[in-house]
There are 4 protein chains.
Amino acid sequence: MEQTVDHDWLVSIRRDLHRRPEPGWCEFYTTARILEELETMGVDDVLVGREMLATDTREAVPDDETLTRWLDRARGTDADRAVLDRLAGGYTGAMATIDRGPGPTVALRVDIDGLPRRESDEPDHVPTAEGFRSVNEGHMHACGHDAHASIGLGVLQALGNTEFDGTLKVLFQPAEERIGGAKPVAQSGHLDDVDALIAVHVGLDHPTGEIVAGIDGFLAITSFEATFEGEGAHAGGHPNRGHNAVQAMATAVQNLYGIPRHEDGTTRINAGKVAGGTASNIVPEDALIEGEVRGETTGLMEYMREEAYRVIEGAGEVHNCRVTIDQGPDAPSARSDQQVVRRVASAGEANDRVENVRRRDELGGSEDATYLLNRVQKQGGIAGYVGIGTDHPGGHHTATFDIDEDSLLIGVEVLSDSLIRLLETVEPGAT
Amino acid sequence: MEQTVDHDWLVSIRRDLHRRPEPGWCEFYTTARILEELETMGVDDVLVGREMLATDTREAVPDDETLTRWLDRARGTDADRAVLDRLAGGYTGAMATIDRGPGPTVALRVDIDGLPRRESDEPDHVPTAEGFRSVNEGHMHACGHDAHASIGLGVLQALGNTEFDGTLKVLFQPAEERIGGAKPVAQSGHLDDVDALIAVHVGLDHPTGEIVAGIDGFLAITSFEATFEGEGAHAGGHPNRGHNAVQAMATAVQNLYGIPRHEDGTTRINAGKVAGGTASNIVPEDALIEGEVRGETTGLMEYMREEAYRVIEGAGEVHNCRVTIDQGPDAPSARSDQQVVRRVASAGEANDRVENVRRRDELGGSEDATYLLNRVQKQGGIAGYVGIGTDHPGGHHTATFDIDEDSLLIGVEVLSDSLIRLLETVEPGAT
Amino acid sequence: MEQTVDHDWLVSIRRDLHRRPEPGWCEFYTTARILEELETMGVDDVLVGREMLATDTREAVPDDETLTRWLDRARGTDADRAVLDRLAGGYTGAMATIDRGPGPTVALRVDIDGLPRRESDEPDHVPTAEGFRSVNEGHMHACGHDAHASIGLGVLQALGNTEFDGTLKVLFQPAEERIGGAKPVAQSGHLDDVDALIAVHVGLDHPTGEIVAGIDGFLAITSFEATFEGEGAHAGGHPNRGHNAVQAMATAVQNLYGIPRHEDGTTRINAGKVAGGTASNIVPEDALIEGEVRGETTGLMEYMREEAYRVIEGAGEVHNCRVTIDQGPDAPSARSDQQVVRRVASAGEANDRVENVRRRDELGGSEDATYLLNRVQKQGGIAGYVGIGTDHPGGHHTATFDIDEDSLLIGVEVLSDSLIRLLETVEPGAT
Amino acid sequence: MEQTVDHDWLVSIRRDLHRRPEPGWCEFYTTARILEELETMGVDDVLVGREMLATDTREAVPDDETLTRWLDRARGTDADRAVLDRLAGGYTGAMATIDRGPGPTVALRVDIDGLPRRESDEPDHVPTAEGFRSVNEGHMHACGHDAHASIGLGVLQALGNTEFDGTLKVLFQPAEERIGGAKPVAQSGHLDDVDALIAVHVGLDHPTGEIVAGIDGFLAITSFEATFEGEGAHAGGHPNRGHNAVQAMATAVQNLYGIPRHEDGTTRINAGKVAGGTASNIVPEDALIEGEVRGETTGLMEYMREEAYRVIEGAGEVHNCRVTIDQGPDAPSARSDQQVVRRVASAGEANDRVENVRRRDELGGSEDATYLLNRVQKQGGIAGYVGIGTDHPGGHHTATFDIDEDSLLIGVEVLSDSLIRLLETVEPGAT
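Draft legend 1. Local environment of the domain arrangement of chain A. Residues and elements named next belong to chain A. For chain A, the assigned domains read domain 1 (7-217 + 334-425) and domain 2 (220-331). For domain 1 versus domain 2, the separation of C-alpha centres amounts to 33 Å. Residue-level contacts link 11 residues of domain 1 with nine residues of domain 2. Carbon and sulfur atoms supply 57% of the area that domain 1 and domain 2 bury against each other, a total of about 680 Å² over both sides. Counting the surface domain 1 buries against domain 2, the share from its top three residues, Ile 179, Ser 366 and Tyr 371, is 65%. Seen at the junction of domain 1 and domain 2, the total is zero salt bridges. At the junction of domain 1 with domain 2, the criterion picks out two residue pairs in polar contact (both at pLDDT 80 or more).

Put into C-alpha cells, the structure is as follows:
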C-alpha cells in the first residue's frame, strides 16, 4: 500500500486536539474539528451526535451547567458555530462512511475524549516546550485519544485514496473515559452491518515501532457515585449535634481499598474522586465518593461491587449518615478474534517502520470498546483490539503522558493496510 | 431612651442582606449596601476597606479568581459600581463614625460575612416561604451576620438622633468566619482611641427577649490547610504505580478525630472540608483537608494543633505522599469586663421588650472579636461581648438557621442604650 | 490524737501486698493477708467475701479458669489455706468492725485490687531497687490500692487503741478497677446503718503532705466488651472467602476514638484491650474490644455509649461480621458532703505532717465508690471522698507508678482523726 | 504394584494425630508417635530433630515457655519419654531411610504440624461425631498434615515390602505453617544426594479420586511481627498523656489491607493476629501485628513487604509510637519438573481408585517445600509437588476442614508407585 498521508498534517491535528482536551460528552471543539477535516475528504456520509447514538442509553452525562460551560468554551474558539449548535446537550462524536458498493463492511473505532487532570508544565514536557500544552487548565489528553482521533482521520484520508470493494466506517466515539460512549453507539445499530471491527489504542507501555495485533485481558468495570448525607453543626459550639459525613466517607475509603483480593483473578478498586464539607468550622454534612471497581471477569467485578456497596453502607451506619449509591455505567470483558489478529499481524510485518509485532497481549485495564467488539461478534462479525506502540515518557493518566508522534503515521499505515486485508478476505454479509 | 428606629426598615435591610450572603473578603454587595444606607444618615466619617485595615495582615483571603467571581456577581446587582471598584481585591468592610466633640470614644463591632453552605429550601423555612432565601446558591447567612449588620446600622440611626458627648464608631467587620478580619482591624490602630468596645452576637441558643450582658468562654482557635501530594496512575492498568493521596487524607481524617481529649479542658477538632482526586479511573494524586482546632486555653489549642500536625505528617508517610500544612489564622481567648457587663445589664433591665437578663454565659465557640477586645483592653479601655437572644429554629451553621426579626429592634435599643450609658460614665482618654 | 501506729509495719504490709498484685475478684492472697493482720488486732467482727456481698450483683467476674489460676497461685504462698478456701470462686474482700456500743456508725472504705499491667523493671523504680517489684508478672499495683489496704489496717490499729462511742467499719473492697465490687457491697445492706462514710485515694497528682478534704467531679462510667465474629479462610489461597474480624475491629477502634466531643461537658472513650485472629496465615475469624466510656454526667456517659455501640455495629457491617456487645458494669457520679469535708479539713489542719489542705478538687476520673457514697447519702447519712497526697514518679496506671511511703502514716492519722471527729459530732441513727 | 498397606491402620494413625495437633516446633507427641510406628517397620535409619536440621537456621521457634508447655502436654500422654527428651527445645521432625544399595536416591516430603485455631464442635463435623476432635483446644489439623504424616508412614510401609535398587528417604518435616521447617532441612545437606524429590498435599479443592501430577504457582511469602510501643496513661484522668498503641495498630491494619494490587500479578496481605492493651481503663501502651505478605514472584512479595513496612512505620508516627518490625521467615516460589510430573501422572493413571489425573494446577498459596524443591533442583536433581484429592467439607484453615479418609490409601499407592517409577528410571548420581 502506498503512502498517501502527510505526517505533518497528522501532527498538526493531534497537537491542535491536544491543546483543547474536553471531557466525555463535552467534546464540542473536538467533534467540530474532526468534522472540519472530514469536509475536505471524499467521504460519502457523516453522522453526528444524535444521529449515531441511541441517545437514551448515554451514561455519565455531566449536568447542564457543565455541558454549557464547555459548549461556551468551544464557542470561544474558531469552531464552526452551526456544528456546535448541533452538538448542544452533549450529543458529541461522529461516524464517517466511505461506501464503495458491494463488498464487506469494515469499521475502525477511535475515541476522542480527554481526562480531568492537570497537564505538566515542566519545561521538559514536550507539549509545554513546543507550545501545545492544554489550554483547558485541569484537563489533559493523558491517554492519547488526541492521537486516536488523528489516526482515525488519517485512515479515512489513506483509504479515501485507495481502491477497494465494500464499505468503511470510522467511528469517532465520545466519552470512553466515562465508560459512557460505546454503549449508545452499540445500541444505535450502526455497527450491526459490520463484518469486521478494529478498535485501537496507542502506547500501553509498548514502544514506537511495536504493534500488538490482538489485545485481550480487558477487565470488566463499573463505576459508582456514593453520597453520604449527615447533619451539619457548628464545629465549635455543638460538635455532638453533627453527623459527620466526612468521617463516614473516610471510613469507607479506608475499607474500600481493604476489600480482599480474590482467589479467582485480578480485581481493582479506586476511590478516584472524593469531596466533603463546606468550611472548616462546620461539621461536614455531605460527602461523596466517585469510584470504580474492575474484575478479570464480570463475576469478579460483581464481587467487588457487592463488597464495595456493603462497605459504603456500613460506613454510613458508623456515622449515622444516609447513604445513596448511584450505580454508574459498566463495560464487559471481550476477546480479539484470531482472524483479525492474523490480518493485523501481517500488515504489521509488511510495514518497514514496524520493528516488532506481538501477536497477543493483555490489557489489564478496561475499555468500553468491549461493548462494540461484543456487539459485532454477537451479530456474526469479527473484531479485534489493536495496540500501536509509542514511546511515552509518563504513564497513561499521568501529568507527563505524551506520545512519540512518529507513531501516528505507523498507526495510520498499519490500520489502513489491516482494514484493506479484511476488506479483501472477509465474507460480506456473514452477519 | 426614646425609640427612633423603624422596625420595618431593619427587617428590609436584614432580608436584603440575607438574600445575598457573601463569604469573607467577598462582602462586596454587603459593604456597598451598608454604605448606601450610611449615606442617608448623619454620620461624620466613613472608612472603607483599605482605609480601615492593616492590609498586610489580612488572613485567609480567597484566590483572585474567587474574588473576581464574587465581585462580578455584585456587579450584576444594583450595587454602586464606584463603591465596588474601591473594594476590588477583597478590601471589604467599613467603619462609620459619629463625632460629637470632647468626651469618651465608644465602639460597636458587628460582622457581616456569610457561610459557604446551602440554605434550606423547605417550605417551612421562613426565608424560603417569604422569598428572601439566598440567591447565592451554596452560601447562606447561617450565623446571623445579616442581623448584625442591620443592628449596626440601626444603632447608628438611633444614636444619630440622640444627643451625647464624645465619639461613636461602628465597625462593620469582614471575614469573621474565616478568623481573618479582626486582626487587620486591630492592627490598623483605628480602635486604639476607644475607651469602651462592645461586640455583639444574636442567638447562641438564647431566646428572643433574653440578653446576655457578658459572654466569656471563647475557645482559642486556629485553622489549617493540609495538602497531600502523591502520584497519579491509571487505576486499572497500574494501581501500584500510584501514591494515593485520598487514602492518605482518609487516614488523616480518621486519626484527627481520634486525637485524645485533654484532662485540662475543652478541645475541638474538625476536618470541615476535604477533597481529593479528579476522576474515578485515576489513582488520586492530590488531596486536601481544611480543618481547625480549638481549645479552652491557648495551650489546649496548641496541644491540638501539635497533635493534628503529627497525625497529618504520619498519614502522608503511610501512603508515601508529600505533605504541606499551611497554618491558617488564629484567634485568642478573651473576657468581658465587668464595667461593660454592668451597663449592658442595666440597659437590658430598663427595656420593656427584654424579659430576661443573664449577666454572664460561656460561648463554647470561637470569635475573632477577641482580637479587638484584647486590643482595647491592652490600651487601657474596657470591652465586652454581648448576646442578643433570638428564637432560631435551626442551630448556628445549619441549613435551617433563621432569626426572629423581633430581636432586631431589641438589639438596636439595648445596644444603643448601653453605648449611651458608657458614653455618660466612662472616663475619656483613659487609654 | 496520739500516734499509735508503727510506720515500719505499714511499710512492710504495703510492700508485701505490692509484690503480689491481684486483679479484681482474684484478691485471694491480698484478702488472706489482710485477715492475718486483723487477727492480731482487737476487732470485734470480720466478714469475708460472701458474707459482705450481695453475690448475685457481682460484675465483671473473671472466668473459672482465671479464678482458679489465681487461687492456685495464692496457694503457692504462705497464705492461710482455710481462708483461701472460703474465698474460692472469687468471693474476695473483707469488712472489719469495732463496736463500742451506743453512738454513731462511721465507715472507711479502701479498695484492694491491682491492675493487669507490667511493672517497670528499671533500676530507678523503687520497688525494683528495693526488691518488692511485682512477682505476678504482667500485674501491678499501679494505682496505690496496696497503700489503701495498708491505711485501712492502720486506721483499725489506731482506733482499736482509741476510746470512742459508736461503731467503726472498715471495708476492704474488691474489684474497684473492674467497676465491679462496690455495687454488691452497697446492695448487701452492710452500709445501711452507716451515718458517715469516707472513701480514700492516695496520689491523684497531689504531693506528699497535701490533703484534699473533698473530691468531686467523678465521671460516670461504663464498660463494654464487643466481639466480632467473621469467617476464617486461608489467607493465601482464599482471601475472599473470609470475613475479616480484625478489619472490623480496627474500623471500630478508629471510629470509636472519633466520636465527637460533647458541648455539655467532659467525655472519655478508651478501647483499652483488643485482640483478634490466631495466625498470620488465617484470615482472622474473631476479634474483641474491651472498652469504656465516661461522662461528666450520666447523660454524657450514655451519649458516648450510644455512639460507641452504633460505631461498633456499623464496623461489623462494613466487614460482614456478627457483632455482640456485652455491656459491662457502670458507676454513677457522686458528691462529697460539706459536713464530711469540714471534719477532714480540720483533721488535716491539726496534723503536723500535713503542709497543705485543699477543701475541694475534681477527680476527672471514675470510681465505683460512688455507689457507696450514693447509698449512704440516700439512707440519710453523709459521705465524702478524701485524697491523701503522695509524691508519685509515674502517673496512675503507668509502669513507674509508686508512692512515697511517708504518706501512709499521714493517711492513717488524718483519716483516724477525721473518723473520730465524725464519731464525736454526727447524730447517730439519723438514717 | 501390589497393595501392602492396611487402610484401617492408616486411618487409626491419622485419627490419633488429628486428636493431638501441635503447632510448629512443638510436634513432640506427633514426632514420638511417628517414631513409634517406624520402629515396627524395616527402615534402615532414622534421624530425629537435631540430627536432620541445620539447627541455627530454624525460624519462628516459639519461646521457651510455649515449648515447655507443649512438651509437658506430650509428657502427659503415653508418648515415649526418652524420645520426648531428645526433642526438647523444639527439635522436632524425623527422616527415615530405606537403603537398598546402589541406585538412585528418591525422597518424599510430608509435613506434620497443626494450626492454632479451634476445631468445630458441631455434631456434623466428623471428628466431633466420631470422637477424634482435637483435645488440644484452640489447635487443629485444619490443613491435613495429619493425613500427610500417615501417608508418609504408609509409603514407608509399602516400599519396605517392595523390591527396588537405590535409596528412599521419607522426611517428616516440622513447622511448615510457620514457614520455618524446610529451610533448616534444606541447609542440613540431607537432601543433597537426592536425585528425585516429591512433596505432597491433600485436598486443595480437588475431590477424592483426583490426582494433580504437578502443582506450580507457589506464592513467595514472608511474615513479620510488628510491635507498637506507646505510652500508657489513666484513660479517665489523663487521656492526653498516653500514646495509644492500639490506635496505631488499627491505623496500620486499615492501611495494610489497602496496599494497592500490583499490575504484574497476584499479591496477598494478612494481619492474621493482633493484640494490644491490658485493661479497659488504661490507654494501651503496647500492640502487635503478626502478618504476612505473598506475591506471585519474589519481586511482588518484596513490593508488598516494602509497602507494608512503610505503612506500619507511618502508623506509628501518627500516634507517636515506637515501631519495631521483626522480619519473619520467607519462602521462594518453585516449579515442578516435567520428568516428575510424567511419572506421577502415569502412576495415577495406572491406579484403579483414581478417577481423574490433572497434569498441572496452580496452588495460589505458599509452601516452604519450595526450599526443598529448589535445593534438589539446584544440585541437579528433579522435584515435583503432587496433589492427592480429598473431599473436604470446610476449606483449608477453617474450623470444619476434614478429609475423606479413602484418600489416604490412594495417596500411599500413587506416591509409592511414583517413587518406584522414579527409582527405576532416574539416573543415579546425576547430582
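Draft legend 2. Spatial organisation of the pattern of salt bridges. Summed over the entire model, instances satisfying the criterion amount to 128 salt bridges over all chains. We note a salt bridge from Arg 421 of chain B to Asp 417 of chain B, for which the minimum N-O separation is 3.1 Å. Highlighted residues: Arg 421 of chain B and Asp 417 of chain B, both in helix α12 (residues 406-425), separated by four residues, approximately one helical turn. Note on Asp 417 of chain B: relative accessible area 15%, which makes it buried. Between Arg 14 of chain D and Glu 405 of chain D there is a salt bridge, and its shortest N-O distance comes to 2.7 Å. Residue Arg 14 of chain D is located in helix α1 (residues 7-19), and its partner Glu 405 of chain D is located in the loop between β12 (382-388) and α12 (406-425); the two are separated by 391 residues in the primary sequence. Classification of Arg 14 of chain D as buried rests on a relative accessible area of 1%. One continuous salt-bridge network, built from bridges that share partners, spans Arg 14, Arg 15, Glu 130, Asp 146, Asp 402 and Glu 405 of chain A.

Draft legend 3. Quick peek at the sheet that holds strand β1 (residues 45-48) of chain B. Residue and element names in this part refer to chain B. Within the open sheet, the eight strands sit side by side as β1-β2-β4-β3-β5-β14-β6-β13. Their pairing is mixed. Each of the sheet's edge strands pairs with one partner strand only, and the pair in question is β1 and β13 (356-362). Strand-to-strand twist of the sheet, defined as the mean angle between neighbouring strand axes without regard to direction, takes the value 20°. As defined by bridge partners, strand β6 (residues 210-216) adjoins strand β14 (residues 382-388) across two bridges and the pair is classed as antiparallel.

Draft legend 4. Just the relation of the copies chain A and chain D, in detail. Once turned by 180° and shifted 0.1 Å along the axis, chain A lies on chain D with an RMSD of 0.0 Å. In short, the pair behaves as if placed about a two-fold rotation axis. Judged by C-alpha distance, Gly 258 of chain A is the residue of chain A that lies nearest the rotation axis, at 2.2 Å. In this assembly the copies share their binding face: 100% of the residues contributing to the interface of chain A also contribute to that of chain D.

Draft legend 5. Expanded view of the environment of Leu 71 of chain B. All names here are of chain B. For Leu 71, the position within the fold is in helix α3 (residues 64-75). Owing to a relative accessible area of 7%, Leu 71 belongs among the buried residues under this scheme. Through-space distance from the C-alpha of Leu 71 to that of Asp 85 is 8.8 Å; in sequence the pair is 14 residues apart. Excluding residues that lie within four positions of it along the chain, Leu 71 makes contacts with Phe 28, Leu 84 and Ala 88.

Draft legend 6. The arrangement of the packing of helix α2 (residues 28-39) of chain D against helix α6 (residues 145-160) of chain D in detail. Residues and elements named next belong to chain D. Where α2 contacts α6, the axes come no closer than 11 Å and their chain directions differ by 15°. The angle between α2 and α6 falls in the class roughly parallel. Where α2 crosses over α6, the two elements pack in a sense that is right-handed. The segment α2 lies against α6, with Ile 34, Glu 37 and Leu 38 engaging Ala 149, Leu 153 and Leu 156.

Draft legend 7. Seen up close, the packing of aromatic side chains. Going through the model one piece at a time under the given rule, you end up with eight aromatic pairs over all chains. Summarising the aromatic geometry, the rings of Phe 218 of chain A and Tyr 385 of chain A are spaced 4.8 Å apart at their centres and angled 80° between planes, so their arrangement reads as edge-to-face. Taken together, the residues Phe 218 of chain A in the loop between β6 (210-216) and β7 (220-229) and Tyr 385 of chain A in strand β14 (residues 382-388) connect sequence positions 167 residues apart. Tyr 385 of chain A shares its class with Phe 218 of chain A; the two are buried. Looking at Arg 73 of chain D, its charged tip hangs above the ring of Trp 70 of chain D, at a distance of 4.4 Å from the centre.

Draft legend 8. Focus on the pairing of β6 of chain B. Residue and element names in this part refer to chain B. Counting buried positions along β6 yields seven of seven residues, so the element is predominantly enclosed. Alignment of β6 against β13, held across six bridges, turns out to be parallel. Across the sheet, the residue bridging to Asp 216 is Glu 362, located in β13.

Draft legend 9. A look at the pairing of β12 of chain D. All names here are of chain D. Within β12, seven of the seven residues are buried, which leaves it mostly tucked inside the rest of the structure. Where strand β5 (residues 196-202) lies against β12, seven bridges are found, and the strand directions are parallel. Within the sheet, the bridge partner assigned to Val 200 lies in β12 and is Val 386.

Draft legend 10. How the structure looks around the nonpolar core. Counting 109 residues, the largest nonpolar core has Phe 28, Leu 38, Leu 108, Leu 156, Leu 168, Ile 198 and Leu 415 of chain D as its most contacted members. The element best represented in this core is α12 of chain D, accounting for 10 residues.

Draft legend 11. Structural detail: the sheet that holds strand β1 (residues 45-48) of chain C. All names here are of chain C. In spatial order, the strands read β1-β2-β4-β3-β5-β14-β6-β13; together these eight strands make up an open sheet with mixed pairing. Looking at strand neighbours, the two that pair on one side only are β1 and β13 (356-362), the edges of this open sheet. Here the average twist between neighbouring strands, direction ignored, is 20°. Note: β1 against strand β2 (residues 94-99), four bridges, orientation antiparallel. In the strand pairing of β2, Leu 47 is matched with Met 95. Sitting on the sheet, helix α10 (residues 338-349) is in contact with β5 (196-202), β6 (210-216), β13 and β14 (382-388), with an inclination near 150° to β13.

Rules used throughout
- Residues numbered from 1 in each chain as written.
- Chains lettered and ligands numbered in written order.
- Predicted model: local features only at pLDDT ≥ 70, side-chain atom pairs only at ≥ 80, totals over all residues.
- Heavy atoms only, no water.
- Domains from an automatic or database assignment.
- Contact = heavy atoms within 4.5 Å.
- Buried area = accessible area lost by both parts, 1.4 Å probe.
- Salt bridge = Lys/Arg side-chain N within 4 Å of Asp/Glu carboxyl O.
- Polar contact = N/O pair within 3.5 Å; in protein donor to acceptor, adjacent residues only side chain to side chain.
- Helix = DSSP H or I, 4+ residues; strand = E, 2+ residues; numbered from the N terminus.
- Buried < 20%, exposed > 50% of the residue type's maximum accessible area, 1.4 Å probe, protein only.
- Pairing = 2+ DSSP bridges.
- Axes fitted to C-alpha atoms, helices over the stretch in contact; angles between N-to-C directions.
- Least-squares fit on C-alpha atoms with pLDDT ≥ 70 in both.
- Parallel < 35°, antiparallel > 145°, perpendicular 65-115°, else oblique.
- Left-handed = near helix turned anticlockwise from the far one by under 90°.
- Phe/Tyr/Trp six-rings, centres within 6.5 Å; stacked < 30°, edge-to-face > 60°.
- Lys NZ or Arg CZ within 6 Å of the ring centre and 35° of its normal.
- Core = buried A, V, L, I, M, F, W, Y, C linked by side-chain atoms within 4.5 Å.

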